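Okay, here's what each chain looks like letter by letter:
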Amino acid sequence: MFGNKRSRPQSRLDSLIGAKTRVEGDIRFSGGLRVDGQVQGDVMATGDEPGTLVLSDQARIEGEIRVSHVVINGTVVGPVYAGEYLELQSKARVTGDIHYKTL
């Protein structure tokens, strides 16, 4: 209403990084991404649609996160930029600056 063009988070997750998987390098994705494993590199959403990133309690990301919607229940070492929405769950641990529109 009144020109508010808030984007909605993805209701589906298109990709999964499993609990026993370790990725070294930057990740660019569209749609939804769930991380249960480890990522050493930046994680960014691309494309026209808003991106949703979900980190389980086992997940660890060392690098910059830049998405429209992010749910964190694991560990992040680096800055987090949530263009729209950030949810920190009970086991979330973030070492770095956090930028968000809605918490």
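Keep in mind the model is a prediction, meaning the values are calculated, not measured.

K.L.:
I would appreciate a short explanation of the pattern of salt bridges in the present structure.
P.N.:
When the charged atoms of two side chains lie near each other, side chains of opposite charge can form a pair. Enumeration according to the criterion identifies 6 salt bridges in this entry. For Glu62, the salt bridge is made with Arg60, and the minimal N-O distance between the two is 2.8 Å. On the basis of relative accessibility, which here comes to 32%, the residue Arg60 falls in the partly exposed class.

K.L.:
Please clarify how the environment of Glu49 should be interpreted in this entry.
P.N.:
Following the sequence through the fold, Glu49 ends up in the loop between strand S6 (43–45) and strand S7 (52–55). Residue class for Glu49 comes out exposed when judged on its relative accessible area of 55%.

K.L.:
Can you help me understand a nonpolar patch on the surface in this one?
P.N.:
Together, Leu88, Ile98, Tyr100 and Leu103 make up an exposed nonpolar region whose accessible area comes to about 370 Å². Looking at the secondary structure, you find Leu103 in the segment after strand S13 (98–102). The class of Leu103 is exposed, set by a relative accessible area of 58%.

K.L.:
Could you clarify how one ought to interpret the sheet that holds strand S12 (residues 93–95) in this entry?
P.N.:
Adjacent strands of a sheet form backbone hydrogen bonds with each other and so pair up, either parallel or antiparallel. On the basis of which strands lie adjacent, the open sheet formed by 5 strands has the order S2-S5-S8-S10-S12 and parallel pairing. Two strands in the sheet have a free side with no partner beyond their single neighbour: strand S2 (22–24) and S12. The mean inter-strand angle of the sheet, taken between neighbouring strand axes irrespective of direction, is 5°. In terms of strand pairing, strand S5 (residues 38–40) meets strand S8 (residues 60–62) through 3 bridges, oriented parallel. Residue pairing across strands places Val39 opposite Ile61, the latter belonging to S8.

K.L.:
What should I look at first to understand the environment of Thr46 in this one?
P.N.:
Residue placement: Thr46 occurs in the loop between S6 and S7. In the structure, Thr46 is positioned 21 residues away from Val67 in sequence and 8.3 Å away in space, judged by C-alpha atoms. If we skip the residues at most four places from it in the chain, Thr46 touches Arg28, Phe29 and Ser30.

K.L.:
Explanation requested: empty space enclosed by the protein in the structure shown.
P.N.:
Vacant regions in the atomic arrangement are exposed by a probe of water-molecule size rolled over the atoms. Tallying each qualifying case throughout the model produces 1 cavity of 30 Å³ or more. If you go around the largest cavity, the residues you meet are Arg22, Gln38, Val39, Gln40, Arg60 and Glu62. Secondary structure elements with two or more residues in the lining of the largest cavity: S5 and S8. Here the lining of the largest cavity takes 3 residues from S5, the largest share from any one element. By residue class, the composition of the lining of the largest cavity is 1 nonpolar, 2 polar and 3 charged.

K.L.:
Before we go on, may I ask you to explain the pairing of strand S9 (residues 65–72) in this structure?
P.N.:
Remember that side chains alternate between the two faces of the sheet whenever the strand is regular. The element S9 is largely enclosed, with a buried count of 7 among its 8 residues. Direction of pairing for S6 relative to S9: parallel, over a ladder of 2 bridges. If you follow Val43 over to S9, its bridge partner there is Ile65. Note: S7 against S9, 4 bridges, orientation parallel. Directly across from Leu55, in S9, lies its bridge partner Ile72. One ladder, built from 7 bridges, connects S9 with strand S11 (residues 80–88); its direction is parallel. What sits directly across from His69, in S11, is Tyr85.

About the cut-offs
Residues numbered from 1 in each chain as written. Predicted model: local features only at pLDDT ≥ 70, side-chain atom pairs only at ≥ 80, totals over all residues. Heavy atoms only, no water. Salt bridge = Lys/Arg side-chain N within 4 Å of Asp/Glu carboxyl O. Buried < 20%, exposed > 50% of the residue type's maximum accessible area, 1.4 Å probe, protein only. Helix = DSSP H or I, 4+ residues; strand = E, 2+ residues; numbered from the N terminus. Patch = residues over 30% accessible without salt bridge, like charges linked within 9 Å, V, L, I, M, F, W, Y side chains within 5 Å. Areas by Shrake-Rupley, 256 points an atom, 1.4 Å probe, with all protein chains shown as cover. Pairing = 2+ DSSP bridges. Axes fitted to C-alpha atoms, helices over the stretch in contact; angles between N-to-C directions. Contact = heavy atoms within 4.5 Å. 1 Å grid on protein atoms, 1.4 Å probe; cavity = no way out; pocket = protein on both sides within 12 Å on 5 of 7 lines; lining within 4 Å. Points joined across faces, edges and corners; volume = space filled by probe spheres on them. Nonpolar A, V, L, I, M, F, W, Y, C, P; charged D, E, K, R; others polar.

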